[in-house]
Amino acid sequence: MANGLPYAIAAQVAFPKRQCVAFVGDGGFSMLMAEMSTAVKYELPIKVIVIKNNTLGQIKWEQMVFLGNPEYGVDMLPIDHVKFAESVGARGVRIEDPQRCRQQLAEALSTEGPVVIECVVDPNEPPMPAKIKPKQAKNLAEALARGDAHRGKIATTIFRDEVDEVTFEESPAGVVSRVADKVGGVIPGNGSKRE
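Residues numbered from 1 in each chain as written. Predicted model: local features only at pLDDT ≥ 70, side-chain atom pairs only at ≥ 80, totals over all residues. Heavy atoms only, no water.

S.K.: Got a minute to help me understand the pairing of strand S2 (residues 47-52) in this structure?
M.R.: Side-chain positions along a regular strand alternate between the two faces of the sheet. Counting buried positions along S2 yields five of six residues, so the element is predominantly enclosed. Here strand S1 (residues 21-25) pairs with S2 via five bridges, running parallel. Bridge pairing in S2 links Ala22 to Val48. (Buried < 20%, exposed > 50% of the residue type's maximum accessible area, 1.4 Å probe, protein only. Helix = DSSP H or I, 4+ residues; strand = E, 2+ residues; numbered from the N terminus. Pairing = 2+ DSSP bridges.)

S.K.: Please clarify how the sheet that holds strand S3 (residues 91-95) should be interpreted in this entry.
M.R.: Across the sheet, which stays open at both edges, the four strands sit in the order S1-S2-S4-S3 with parallel pairing between neighbours. Because the sheet does not close on itself, it has two edges, and the strands there are S1 and S3. Averaged over all pairs of adjacent strands, the angle between strand axes in this sheet comes to 20 degrees, irrespective of strand direction. Pairing between S3 and strand S4 (residues 115-120): five bridges, direction parallel. The partner of Arg91 across the bridge, within S4, is Val115. The strands that helix H6 (residues 101-109) touches are S1, S2, S3 and S4; relative to S3, the one it contacts most, it runs at about 170 degrees. (Axes fitted to C-alpha atoms, helices over the stretch in contact; angles between N-to-C directions. Contact = heavy atoms within 4.5 Å.)

S.K.: When you look at the packing of helix H4 (residues 57-66) against helix H7 (residues 134-145) in this model, what are you seeing that I'm missing?
M.R.: Any two packed helices are characterised by the angle at which their axes cross and by the distance between the axes. Closest axis-to-axis distance for the H4/H7 pair is 6 Å, and the angle between their directions is 105 degrees. Here H4 lies roughly perpendicular to H7, going by the angle between them. Residues Trp61, Met64, Val65 and Phe66 of H4 form the contact with H7, whose participating residues are Lys135, Gln136, Asn139, Leu140 and Ala143. (Parallel < 35°, antiparallel > 145°, perpendicular 65-115°, else oblique.)

S.K.: What is the right way to look at the packing of aromatic side chains in this model?
M.R.: The description of an aromatic ring pair uses the distance of the two centres, along with the angle that the planes make with each other. Here the structure, examined in full by the defined rule, presents one aromatic pair. In this structure, Arg18 packs its charged tip against the face of Phe15, placed 5.4 Å from the ring centre. (Phe/Tyr/Trp six-rings, centres within 6.5 Å; stacked < 30°, edge-to-face > 60°. Lys NZ or Arg CZ within 6 Å of the ring centre and 35° of its normal.)

S.K.: I tried to follow the nonpolar core on my own but got confused; where do I start?
M.R.: Side chains of a nonpolar character, in soluble globular proteins, are inclined to be buried together. With 18 residues, the main nonpolar core has Leu5, Phe29, Met36, Ile46 and Val48 as its most contacted residues. Only helix H1 (4-14), S1, helix H3 (36-41), S2 and helix H5 (81-87) provide two or more residues apiece to this core. Residue contributions to this core peak at three residues, all from H1. Setting aside anything within four residues of it in sequence, one finds Val48 in contact with Leu5, Ala22, Val24, Phe29, Met36, Val115, Val116 and Ile117. (Core = buried A, V, L, I, M, F, W, Y, C linked by side-chain atoms within 4.5 Å.)

S.K.: Please explain the environment of Glu142 as it appears in this structure.
M.R.: With respect to the helices, strands and loops of the structure, Glu142 is situated in helix H7. Note: C-alpha distance between Glu142 and Leu67 (75 residues apart in sequence) is 9.1 Å.

S.K.: What's the story with the state of the cysteines in this structure? I'm lost.
M.R.: Inspection of the entire model under this criterion finds zero disulfides. With no disulfide of its own, Cys119 lies closest to Cys101 among cysteine sulfurs, the gap being 5.6 Å. You can call Cys119 buried: its relative accessible area is 11%. (Disulfide = S-S within 2.5 Å.)

S.K.: Explanation requested: the confidence of the model for the chain in the structure shown.
M.R.: Detailed reading of the predicted model is not advised wherever pLDDT is low. Looking at the chain, the pLDDT average stands at 87 and 84% of residues meet or exceed 70. Low pLDDT, under 50, characterises residues 186-195; the stretch is placed with 17 contacts to residues that sit more than four places away or in other chains. (pLDDT = per-residue confidence, 0-100.)

Put into structure tokens, the structure is as follows:
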């Protein structure tokens, strides 16, 4: 945690002709964000993508999925990373609309000089692997049952994700996979067997 920005600075110094991009959470970024002034001072064209959910996300989900406890002490004070970037002389971009994300991201990455790209995301979206272990599912259920403050939003988000997942043809839980199971393991269209 916190080292994404300084590592991007070091990588840009080591490889001045290559584009260096840091992909960080807002919690980690807030720990050392003053280092953006270093990037500005030395005119390093790093790009920092900040995943903003106003939550210490890694800790939140560790508490629930690994320990079975409701989240505690993980909410952050909202920081306007765009204004912060501008205050130290960098450029700031906020991405909130998924429909405009590709365009805004392309523009930000092609901007000269250091840029902070704040991407606003849902704090109730679980960053869990595609296949969670039964123990992890049990711990999450226990955390929600014990009274997690956001349990309704988290449960709704997980349900929505599951519904969305089955509509993606390429997904192991998707439509093609389910049809293949019904026709004896042969994937329609290409005749190959599923493993």
